[in-house]
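Commentary on secondary and tertiary structure
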Amino acid sequence: MDDKNFPHKFPPPFQKSDDERSSRPSPSLGLGNNNMQPPFPMRPNFVGSFGTQPLGMQPHGMPPQLIMHPLVVNNVGATTLPLPFIDMVNYNVCGPNNYDMGSVDQPGFFNNPPLYSSGISRDIVEQQGAAKMMSTASMIPRKIQHSLRSAEEQGDQATAQHETLRQPHAQHLLHHYCQQSKLQIQQLQQPLNQSVSVSQDENAAEESTEEVIPLRNWIDKESPSGDCQPENVQKQRGMMLRRTAIAYGIIELIKGARTSSHASTCFELQKACTIDNFLVRVSKGEKESKNIDKTHQLNADQQYVNKIKGVQMINPPSSLRFLTPFVSSGEGFSEEDGDGMGQYIEVEIIPSPVANQAINPLESLVKEKSLIHSVGSLVHELYTHGNPVLLLYEFQKGSGAISSDDSGFAEPPSKRIKNQPQHMVEASYHSFFPVWQRGNMEAAYAGATEQKASHLSLLELGFSSSLSSLVDDLLYGKCTLDVASKDIYLILLDPGSFLVDRYYKPAPDGKVSLRIRKDKLYGRDSESSLISTTFCRVRASGNSEALLIGGYSGSGKTRLVEGVLKYIDGVSCHVVSHKSEESSTSVISEALDQLCASIKENCSEEECQTINSRLMEAFGSDFSILEEILPSTKLLHDTKRAKPFAPKHHSSEIQSNSPSFILRLFLRAVSSKEKPVVLFLDDLQWCDRTSLEIVHDILSDTKDSPCVYFLGCFRDNEVGSAHPIFKFIEKMSKNNTPVQLLGLSGVNRSELNCMISDALCILPRHCKDLSDIIHSKTKGDPYFALEMLSALVDQGLLQFSYSKRQWIWNQANIMYLDVTSNVLHLLKNKMLTMSKEMQTALKVCSCFGSGIDSRLVGCLSESVEYISLRDELERAVEEGFMDKIGEGYKFVHDRVREAAYGLIQEWDKNGYHYQVGMALLSSSKVGDSLVPIMIDQINHGIGESIQSEKDRIAIAELNYKAGSQMMTNSCFVKAFSYFETAKLLLPEDHWISQYYFSIRLFLSLSNAAFACGHGNLADETLDEILREAKCLEDKLDAYYFMNNLLFHRGQAKVAFTKCAEVISEMGETIPTNVGEKESNEMFEKVFHFLKNISDDGLLHFKECDSRLHFYLMQFYQQLGWFAYFGQSASMQAFLCLRSVEISIRVGFCKYTAASMASVAALLCGKFKDLTNGYRLGRVALLLLTRFDATSLIPVVYLSFYGFVAFNSEPIMVCADQLHKGFQIGMSVGDTTIALMNGLHYIQKAFVGGKNLVVLSNEIDYQLELSKTHGDSRATRFMSLFKETLCEIIDKNNARTDTTRSDEVTGALDEAMEIEGCSEVVFFHRVIQCYWLGYIDRCHYFAQKSASRDAAVGRLLKLIASFYHGLAALQILRKKKSKVEMKDIARTALQALHSASDLAPINFKNKVELLEAEFHRTEVALRGNEEEKMHAKKMYAKSVCSAESAKFDHEKALALELAAQFYEENGELANALRNFEEAKAHYIKWGSTVRVSQMEVAIARIEARLLK
């Protein structure tokens, strides 16, 4: 069914509905003009609801407006009148026009919508059948209703008795009419579009709970019984709001009748503008309750009329229903801002007005002037009829009567309306006599004009100025009905502004404050939609995005973002906001530190436990790493679930890349797709480069990517093309991370008009002239506009009139006012009118940025000059310059801060900062946390104010202290600035006079310079230390850092040489070449001691107390690591053993743990002593705990879990610990060791059967990191694993790399050959070839690998031998002549047997599978039945062992090989079952190649079974 045949829902006052006129020539059904005819024959002497007879053809000579008859259509299309209606006609004809039926209480009489009036076309009548159609509009003559009410009021017993006799007949009529209406409406609606109709049960329920009563009766019940006292003000407001809703419904019905199917003329509608022509639909509430007490009947009636559902017009028949819940009580009305009652209102009008009907406002005003006046009279009567509601001001408890002139406040004239003149009561009838009684239209309009004087202004009666002006405009024809509809809709939306006049309390100087709505956005709908839409996309996809908002100061950037975020904060996301300052330390770390506190405050206990579990998984017990950057994470950390120790590390061990990785790990733990983190950073123009780089790293994270929505605001007129913001955008785009850029300018005239309207509580069209002037002078800048408005109030050009109860202004004076284009000028001038003390407070606060901490206020208050600082800041809050946030103070806007800062003369700003800083320095309350803030102030005056050398040294030491704090917090840019300043303050002879301080300062400066990317400066600073230091011991820290720099730059051999030279200077001799003999001798010496001491003895061995020996072991550990890259295995072994030997001699330290772990790897690898190797490895782990050596965890984990633990512990346990070592290594900035941990993690996870697709994603992430940090070695090894995984998954078909696989393979092979790691390439070729089914090629590459000195490690050698053994047996079965293949398989089986004895969980299934293949080979070669039974048994064991170890890939392999065995021996059913199980496990592993091979085998077996 076409939707145009049904009523449409649309938000008023803009009615949007489809054209409901039929496309056929015949007119739509319903009341129309005098020329409209019904679509079927009618009795010519009756007037029906489908049209009216031409003038002069009324039955019995009655005027047409006095009687309308409902029609019943029979099944042949003829019309009949039911007998009750004929009687009614006779009754109306014979009786005088003084009868009234009173209120209609019968359910269903007016409750069913007029179907013919809802746009049902003639087509539907023809389709459904005329018998089903009947008008449901009420045609009860209103004269009868009026007569009953008059009789009751006058106490006319005779009339009442006469009416009582007639009443049963009327009730019978209503009952019959109601039943007919219900039946026919149900029959009609049943086949219609069910999407717009409710069920019959719902209709019945709705009818039983709603009632329609005449508007006059409703007003009588609604009117208050007493005066408008303060204690009843909320109740009075609710009554006032309900009357306004009725007024809105009346205007909408009259408007709609012009363009609906009625097509009513202005003259016809003017006659309809009487209060008795309207009905109110309400909920029955408690009126129907049988248990209600009669004494409470009045309260029940009031509750009954409170619940408004709609408004109906009798003639022309139309109805309006409120679709949105209507708040009828005033209890929700906010005393503060009045926003509690207002809400969006949606209505449905039947019949629907024609959509997009263009009406010229000027033409409408001229043609409809009489109608507009009539509507105004009707609305005026609606408010003044009975005992009206009077709401002059907001009442205050205890306030008395005040004079009513403009210097005071008037008392509400609550009793003036009670004795109003009789002409006011009759006014609503005088203008509505029909034309046939008055003569002509001109006479009617003349009568209406005479009545204007009789309408006393609503303002004088105590109503609001906005409502009064609206009604006056209607009465005097100054606005159209469309304009009035919009105005009254705004009144309903914001009754606190327009329905009730605000109570404006003047300041001591007599001025009144404006009502500024800080929480409301103007003219930013599309921008708000963009922010919210992007958030929804982030939450739906789980992918991070960024939105940057640029605009000049005052354009509303911050308010825009905060206005949107307040609706989602804490409900569907974690929101954190932070403001960058010009002297900001570390924006991103400070912001995320606030996030921790926010999560703890807003999340449930269950959510906090989930986040804590994630943090435990990411950091384990090493929360000290995270807490140094985000101290508030201790709020989220459950210490009861932590591991036994929480190691700490020195801040110098954290490098520039570590904060980025740590914060990424943190956000992975606290964010999720279900609850993303919204990070809002304001004033990005002051954000440091490091913070933006960290934000980029977070948003571009691909590994378990955090779900983060980043919002940033910046002043686009204060940043150049070289600003880090644009570098940030460029990098985001290159990484394909979504980033959007939004620019804000001033709001348009219409939105500024709304803002001024809200501020003045005046309807928008009444203050449009003022808003246009302000817009032209401020260019739509929201903040500038409000400040100009306040300036107009201060200058007296905008005043509040208490007699008119609204703001007044002189348009000409404001138009020609010279206003600067800079809001700072207005603010500064306003501040200059304040006291000197307040100006000082504002200037001091502006020196600290957007606000000042309460601790700073307390410290400064100790100074005599700032003793009244706190009191003055409180006054600044009262003046609107500042807000109080907790115990601190914050400027309300950046412009205010700039204006306050502008109070300081430009030439005096550095000195003023220095003065404030020195005041802090003299305070006894300044703690270490305030040192950076204090030194920021002092540093402004370094060149001008600091004269004495003593003061310069003291300030230099404070800068060093602040820089050290920043290094601890990973704020490297700020730390570098402090260290540079400290260096500038040193005297020329500082290497003599400040020797030790200079060494500490220069070493810290070198660390900070390197962290900030200033590598050359770092080298120069280290060179100066080495040149000026007096002894070797003072140079050691510089040497150690220099060696790390060389290694980081890829110069491992140079670093090894430099490190060896330092050790030589310390008295140690490092041999140039170390052979097997020297290595073995050192091993025997060290191992003899370690073998003869217990584990407890090693754990409690004496601690090294010599600083020089501590440095010696540190350099040995460094040298041993450098030897791993480019030196022989014998040299590596010798250096590790030598380090342990020194520890045994001088005592243990944290570096002993690293050396001990290296010796453990040496025992398991070179010396094949797996038991003692595992023992020493466990001791090394415990030594980490003893010395809290967090920074050495990656080194120890790499040695133990990479080369030792897999011989005894489950392979996936080793993989998990190596992954932890990778994360810790990245967090402390040791990227080289971290990536080596990551590589071994990938290796162990692959051997352990981790899902190939997941593992491939892990490799992508680590490849990205290795390329970012320039680690070419890690990149090559990771690329090899990536290639292997892609081959096994789908033969590289799904790989997204643009480079062809053979090109990549060739380049990798060549690079690995140059590096001496060809055996690693051969290992990967063995794995690839076996899983792809290239058995001969697998054997070829395995042979080439065995001919070299394997550097792949024991684990990979075992895995390669396993697959080589399987391939050899398969070749033997295939060719039956390669006897040496059996020897290869035996060798592999022997090696795996030895490994299985120590770690059966890792190798037992492999041994069993090889043995099963041996038996299978014997069966194939000799057909031995006993071997066949052994083969079946070993296959089953191998499957069980692989399942226990959770090796899905090897379980699938065992099932596949068993299936092949069964197929070879004719057991097809067993073969089919095994192939199917193997396919399921290959799917779980992620190998599409193997799944395809299983599908081919399954199809082959099924075909054989069918035969």
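Report follows, based on the coordinates. Not measured: the values here are computed from a predicted model. Throughout this document, residue positions are counted from 1 along each chain, in the order its sequence is written. With the structure being a predicted model, the display of local features is reserved for residues of pLDDT at least 70 and the display and counting of side-chain atom pairs for 80 or more, all residues being used for whole-chain, interface and lining totals. To obtain the side-chain values, all non-hydrogen atoms of the structure were used and water was disregarded.

**Comments concerning the sheet that holds strand E16 (residues 851-852)**
Counted only if it meets this: Two strands qualify as a pair provided DSSP detects at least 2 bridges between them. Runs of H or I in DSSP of at least four residues are treated as helices and runs of E of at least two as strands, each being numbered from the N terminus.
What the three strands build is an open sheet, ordered E16-E18-E17; its pairing is antiparallel. Pairing within the sheet leaves two strands with one partner each, and these edge strands are E16 and strand E17 (882-885). Sheet topology places E16 next to strand E18 (residues 888-891); two bridges connect them, and they run antiparallel. From the neighbouring strand, Ile-852 faces E18, where its bridge partner is Tyr-889.

**Quick word on helix H11 (residues 369-384)**
The condition is simple: Each helix should span, by expectation, one fewer than its residue count multiplied by 1.5 Å. The rule is simple: take the accessible area with a 1.4 Å probe, protein chains only, and divide by the maximum for that residue type; under 20% is buried, over 50% is exposed, in between is partly exposed.
Compared with the 22 Å implied by 1.5 Å per residue over 16 residues, the 22 Å span of H11 between its first and last C-alpha is a close match. Within H11, 15 of the 16 residues are buried, which leaves it mostly tucked inside the rest of the structure.

**Regarding the packing of aromatic side chains**
Just so we agree on the cut-off: For Phe, Tyr and Trp, rings pair up if their centres lie within 6.5 Å, where Trp contributes its six-membered ring, and each pair is then called stacked (planes under 30 degrees apart), edge-to-face (over 60) or tilted (otherwise). Working rule: Lys NZ or Arg CZ, within 6 Å of ring centre, within 35 degrees of ring normal, means a charge sits over the ring.
Using the criterion set out here, one finds 37 aromatic pairs in the structure. Residues Phe-1089 and Phe-1101 carry aromatic rings whose centres are separated by 5.9 Å and whose planes lie at 85° to one another, so their mutual orientation is edge-to-face. Pair noted here: Phe-1089 is in helix H45 (residues 1076-1091) and Phe-1101 is in the loop between helix H46 (1095-1099) and helix H47 (1107-1123), with a separation of 12 residues, a long-range link. Phe-1089 gets classed as partly exposed once you look at its relative accessible area, which sits at 25%. Each ring, one from Phe-1362 and one from Tyr-1363, has its centre 5.1 Å from the other, and the planes form 55°; the classification is tilted. Pair check on accessibility: Phe-1362 and Tyr-1363 agree, each one buried. Through pairs of rings, three or more aromatic residues link up here, namely Tyr-1330, Trp-1331, Phe-1362, Tyr-1363, Tyr-1482 and Trp-1485. Directly above the ring of Tyr-476 sits Lys-478, whose terminal nitrogen or CZ lies 6.0 Å from the centroid. If you follow Lys-1030 out to its NZ or CZ, it ends over the ring of Tyr-995, 4.5 Å from the centre.

**Description of the sheet that holds strand E12 (residues 708-714)**
The strands making up a sheet are joined through hydrogen bonds of the backbone, oriented either antiparallel or parallel. Condition: Convention adopted: a line fitted to C-alpha atoms gives each axis, helices being fitted over their contacting stretch, and angles between N-to-C directions are expressed from 0 to 180 degrees. Pairs of residues are marked as contacts when any of their non-hydrogen atoms sit within 4.5 Å.
If you trace the five strands from one edge of the open sheet to the other, you get E10-E11-E12-E9-E13, paired in parallel fashion. Only two strands of the sheet have a single partner each, and these edge strands are strand E10 (574-579) and strand E13 (739-743). Taken pair by pair, the neighbouring strands of this sheet meet at an average axis angle of 15°, ignoring direction. Strands in contact with helix H19 (residues 557-565) are strand E9 (545-550), E10, strand E11 (677-682) and E12; relative to E11, the strand with the most contacts, it is inclined by about 165°.

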